[in-house]
Every structure is written in structure tokens, then in C-alpha cells.
Amino acid sequence: MRLRLSTIGFLPLLVFLIGCRVNSGDIETWKGTVKGPAKIVAVALAKKYDMDLRVEAALALVEMDRQDVDGVAELESVLRALDEEDRAMISDGVAQGLEKILSGETASSAKQGDTEGPALLEVRAKDASYMLFSQAAAATRERLSKAIVSWFARDFNGRNLAGNYSAEQVIQKLGSAAAHQLIAALDPRMPQVALVKLAGLIGQTGDDKTKAEAATRLVEIEKEMEGPKFVAWLEQRIQEQAKESKQDVKPEALKRAALLHQENFINTGAIPAMGQLADQKIIADRLLKIAATPSNDEDMVERRWRALAALEGKATTAHVDTLLALALNASNPSKVRDYAFDRLGDVRSKNA
């Protein structure tokens, strides 16, 4: 059970500490003692101490690796109890410390058990930065936004749901500027579900410029997935996994497995991600081009109908001729024709 201590209960300690000399060593020791958190809060609140020490105390609340006290919640209580001037200075100082933690510049605390998730200290720093964002000055908010989004972007799949606030909650609060930062995180080699989620966040939060840039990047990613370099990367990845499990993979089996994974990356990653921004012309045109590929190969047929499925609700009158050609061509697979008719239904064009 994690306790949230009341700052009111710290007043006796505050009075006691005013008569004592406190230094950085004391704060470091208190991080691990029973009454330490209360003493740290008292230092952060006391005007007697230098601002640098008070900032150090406030940041220490986040740095504490404890199960009995919610350090981020305590930091929030401290900031609320301060006057406006002190709150601004301590918020700015704490923000600088949080930036260093999120960038990986400081020693991180223990990992989350035996998992490969992010360091617990970094997760707390992300939650603290999110909390601090509402209370900080404009310049500090901008720095915090960049630090938080950069932290998510380095391993979106592993960090998306870490801590008290998901990436979706954070990006929606931080706004379009944060969504624009996510474009740099779009990568053909990331897990398919993460690529789709990132594209969705950009589509929900980004401004017109951000959406246009993300759309261009997604088309590049889909084309890259179709290329030989991507297949070679998949082969290398499969070989490494086989080596770890002490399995011998023959060249022909390796190639088949790589091509299968390639289709999965395109069909469950790139194309659904493009669907998140299918109102962008460059993506709509690319999806229609895929759908119109003259091939009845089983893998290609699936790619064709998935491209049409990704265009759901985004087809326009400009697409009617292409969709009619797909729907009315008896040589096309039935599933491709069915989805083409569905997209024509979305347009509701009398001309069609």
C-alpha cells in the first residue's frame, strides 16, 4: 500500500528542521528512512533553506524508490502548498532534473521486476513531468513536453502504457507540438501495433502540417517494407532468434519466413497505420494504387483488400472512377470487389 502523506502533518517537522543544518547528504539518507519522506517535504517547503537545496528535496521525492509513499503525489502536494514565486522556481529546477532522468543521463533505479520495461525512476519522472506540465511556466512546459515525448519515442511499444499516464493521455494534453515530435518515432522496424498506435495519436492530435508530414512518412515506410533491404533485415532477425533457441534454419525456410513476416508487417502495421491518416491525399492515393495492383496472388490479394479496408470512411468523389473500375472488373478477386463496393457506398455518389 502506498501512502500519500499530508503536508499539514509535516508542520512539526518543519519547525524542528528550521533549527537544524540540512545538506544534500541528509536528503539522500532520508530517501530510505521511515520518516525520511516527511523530512524531505519539510525541507522543500521551508523558506529558510537555499533554493537549490529545496529543489533537490523536491526532486528527491521522485527519485525515492519506495512502495510505501507515492513520491509524485507528494511533489504535487508540495507545489500546491507553495506561494506563486517559490512554486515557479522549484518547478523550473525540478523540471531540469526530470529532463536529465528522462534523457537517461542519470543512474536509473531498478527495472520493473524481471521485465524489459523502462526503469522505474524514468517512469516516475515521466509521471512527475506530466503532473508538473500544468503548473510550470511556458518555457518550462515546452522543455517538459520535448523530454516526455522523446522518452516515449525511444521505445513507444515498451513505454506506451508505463506509469499512471499512457502515451495517449499525455499526447492529448501536450497538444499538436508533441504530436509532431512523434513523426520521428515512426519506423518500419517497430512492432506493428505500435506503428498503428503512433499514427492514430498523430491523426487525433496533430495539426494539418503534422498530419501531412506523418502521411508522407507512412507512405515511405510502407514502400520501404516492400523492399529487399527490409526482407534482409527480417532474415537477420529470424537467424538471430533461431541461434538463441539453438535451431538450424535452412536458407529456403529462412526466405519463406522472412516473406511471411514482411506481409504481416505491411498488412497489420503499415496499411492500418496509413488508415489512421487516410484523409491525406498521399495516403489515399497510395492505398488505391495498392488495391489496383493487377495480381491475384494470395498474399497480394490480402494486401489489396486491406488497403481498401484502410480507406473506410475516407473515400471521396475523386476516388469514384478507380473504385468503380475495381468493383466492376470481374477478373478481380471477390474480396477486392466487395471492399471496393463498400468504399463506393461510403462516398454515396449519385454519379457512381
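In this text, all values refer to a predicted model and were calculated from it rather than measured experimentally.

## Considerations on the environment of glycine 203
Position of glycine 203 relative to the elements: it lies in helix H12 (residues 192–205). Residue glycine 203 is classed as buried on the basis of its relative accessible area, which comes to 19%. When the C-alpha atoms of glycine 203 and glycine 275 are compared, they prove to be 9.8 Å apart, with 72 residues separating the residues in sequence. Residues in contact with glycine 203, not counting those within four places in the same chain, are Lys211, Gln276 and Leu277.

## Considering the side chain of arginine 54
Here arginine 54 lies in helix H4 (residues 51–63). A distance of 2.9 Å separates a polar side-chain atom of arginine 54 from the backbone oxygen of alanine 44. Residue contacts for arginine 54: discarding those within four places in its chain leaves Val43, Ala44, Leu45, Ala46, Lys47, Tyr49, Leu82, Asp86 and Ile90.

## Details of H4
Here H4 spans 18 Å end to end across 13 residues, near enough to the 18 Å set by a 1.5 Å rise per residue. For H4, the set of buried residues is Leu53, Arg54, Val55, Ala57, Ala58, Leu59, Ala60, Leu61 and Val62. Tucked inside the fold, the buried residues of H4 contact helix H2 (24–30), helix H3 (36–45), helix H5 (71–81), helix H6 (84–103) and helix H7 (120–133).

## Digging into the packing of aromatic side chains
Under the definition given, this model contains six aromatic pairs. Seen in terms of ring centroids, tryptophan 151 and phenylalanine 152 are 5.2 Å apart; in terms of plane orientation they differ by 65 degrees. Their pairing is edge-to-face. In this structure, tryptophan 151 and phenylalanine 152 share a single accessibility class: buried. Pairing tryptophan 305 with tyrosine 339 gives two aromatic rings, centres 5.2 Å apart and planes at 20 degrees, and the pair type is stacked.

Rules used throughout
- Residues numbered from 1 in each chain as written.
- Predicted model: local features only at pLDDT ≥ 70, side-chain atom pairs only at ≥ 80, totals over all residues.
- Heavy atoms only, no water.
- Helix = DSSP H or I, 4+ residues; strand = E, 2+ residues; numbered from the N terminus.
- Buried < 20%, exposed > 50% of the residue type's maximum accessible area, 1.4 Å probe, protein only.
- Contact = heavy atoms within 4.5 Å.
- Polar contact = N/O pair within 3.5 Å; in protein donor to acceptor, adjacent residues only side chain to side chain.
- Expected span 1.5 Å × (residues − 1).
- Phe/Tyr/Trp six-rings, centres within 6.5 Å; stacked < 30°, edge-to-face > 60°.

Everything listed is a geometric property; what it means functionally is a separate question.
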